[in-house]
Amino acid sequence: MVLHVLHELMRRDLQTAAQNHEQPAVGKVWEYEQSSLQMNNISKWRSPRSLEPLPLPLVEGESSSDGLQRRCPLRVNSWNSSKRPLHRGASPSRPSRETTCQNVSNFYFVFLKRLSMLRALMPLTHTRELFAKALKGKYALGAFNVNNMELLQAIIEACEEEKAPVMLQISKGARQYANPVYLKKLIEAAVSLSTIPIAVHLDHGDTFELCKECIDEGFTSVMIDASHEPFEKNVEITKKVVDYAHKHNCVVESELGHLVGAQFDEGEEGGAHSTSGHYTEPNEAVQFVQETGCDSLAVAIGNSHGAYKFKGTQHLDLERLKLIKKALMDAGLGDYPLVLHGASSVPKDLAEEINKYGGKLGTDTAGVPEADIEVARRTGCTKVNIDTDLRLAMTAAIRKVFFENPKEFDPRKYVGPARLKVKELVRHKIKNVLCSAGHAFD
Ligand code: G3H
Ligand code: 13P
Ligand code: ZN
């Protein structure tokens, strides 16, 4: 209830600021807190590679053995709802919080700072909570891949405006491209400046070590993808991740079957991964969930990644999806959350636009029709993964600028329109396909 009111206050603040073309007061507070953080030199970040615990957070009012004033715990900048602080640095040279607060005389400012502090205690929403609400509300969570600032801004702005809860996914490739610390700081900024529930998820974690790294960094969920392994090995690897994740208040998505797409379908007989070839077999799904204890399952029903998903009349095996859902229900696993990977629709107009402005996509681009996503959503795909469509939207917008104005060399003039195009695409998905719009504050 309290959080509801706080959310509403912040939402109005953001709205008023947007109408007046100003920075929101919450944003000012955030800026203030960031400069205060810099002053206090406590924005220290754990190296993603070195996971040894940093000194415990300092508590206001207590004195340490070295006589230092301890840090106010409210500003412990954890993004994990486990309340396990992630920023744990303390600098001997920083001024006390009192000194910092003396600079703040305006009551409104202090009040909003408090709101922001409260929010800092619970910056991310747990994937578990988002799933529970999505299952109850019969909508699907958009899980959008983040690789840079503009993609993140586009996703968050669309979801904020449409009041949709959202899952931000980070792949191994995204971490390699952007650096985990940059991604985390960008997401922290997005969380500070928005009011919607946001979860952070590792997409296609391929090793226990990578999953552990993300769990330790505070991700609210991770995917362990050992689907290329035979069934028993997949169970073994997944179970190891689940055991670690559950001890650290994180949930796990796993995958059974093989996301090779319909074009490589070997039918009911082939493949070592499932008795249904590359596809997920309903009874195996039950056994897999029971043996691993994973919290959600990515299914292989003819779906695949990228812009060339189907040939001719191929399509998703939605009947199989219904059977998987039913088998899990019949086995007493309840309304078990399923995940649809490769859910981009690869809109024809985007592919055409890319080619019109100099691109060379094949004529055989094909995605999952939105009508099929709709059925998947109703059947119980609670999380729907979209990356390729964002890439296409961004590429189309950038190509257009360069085609129409080859002299342009200000990145803001082409990445800016790309951000806008991605935002409109995300808006369309959450409003018209996933139906998560309007559910942020359920
Ligand atoms: O599943 C694949 C996602 O689109 C992430 O792709 O590994 O190139 O970041 P990526
Ligand atoms: P698309 O390639 O269809 O966008 O799928 C993305 C995905 O599944 C990320 O895990
Ligand atoms: Zn995927």
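Just above sits the structure.
Structure report, in brief. Owing to the predicted nature of the structure, the values given are computational and were not obtained by experimental measurement. (Residues numbered from 1 in each chain as written. Chains lettered and ligands numbered in written order. Predicted model: local features only at pLDDT ≥ 70, side-chain atom pairs only at ≥ 80, totals over all residues.)

Take unusual backbone geometry next. You will see that K138, though not glycine, has its phi angle at about 60°, which is positive. Assignment of secondary structure puts K138 in the loop between α5 (127–137) and β1 (141–145). Residue V346 is not a glycine yet carries a positive backbone phi of 45°. By the element assignment, V346 lies in the loop between β7 (338–340) and α13 (348–356). (Helix = DSSP H or I, 4+ residues; strand = E, 2+ residues; numbered from the N terminus.)

Let us now look at the pairing of strand β2 (residues 166–171). Among the six residues in β2, five count as buried, and that is most of the element. Examined bridge by bridge, β1 and β2 share four bridges and lie parallel to one another. Across the sheet, the residue bridging to F144 is L168, located in β2. Taken together, β1, helix α6 (residues 149–162) and β2 form a β-α-β motif whose crossover is right-handed. As judged from the six bridges shared by β2 and strand β3 (residues 198–205), these two strands associate in the parallel manner. (Buried ≥ 20, exposed ≤ 12 C-beta atoms within 10 Å, placed from the backbone. Pairing = 2+ DSSP bridges. Right-handed = clockwise from strand over helix to strand, strands pointing away.)

Our next topic: α6. For α6, built from 14 residues, the straight-helix expectation of 20 Å at 1.5 Å per residue is met to within 8% by its first-to-last C-alpha distance of 20 Å. Of the residues making up α6, those classed as buried are L151, L152, A154, I155, I156, E157, A158, C159, E160 and E162. Looking at the buried side of α6, the elements it contacts are β1, β2, α8 (180–192), α15 (388–404) and α16 (411–433). Downstream of α6 by one or two residues, K163 has phi in the positive range, about 55°. (Expected span 1.5 Å × (residues − 1). Contact = placed C-beta atoms within 7 Å.)

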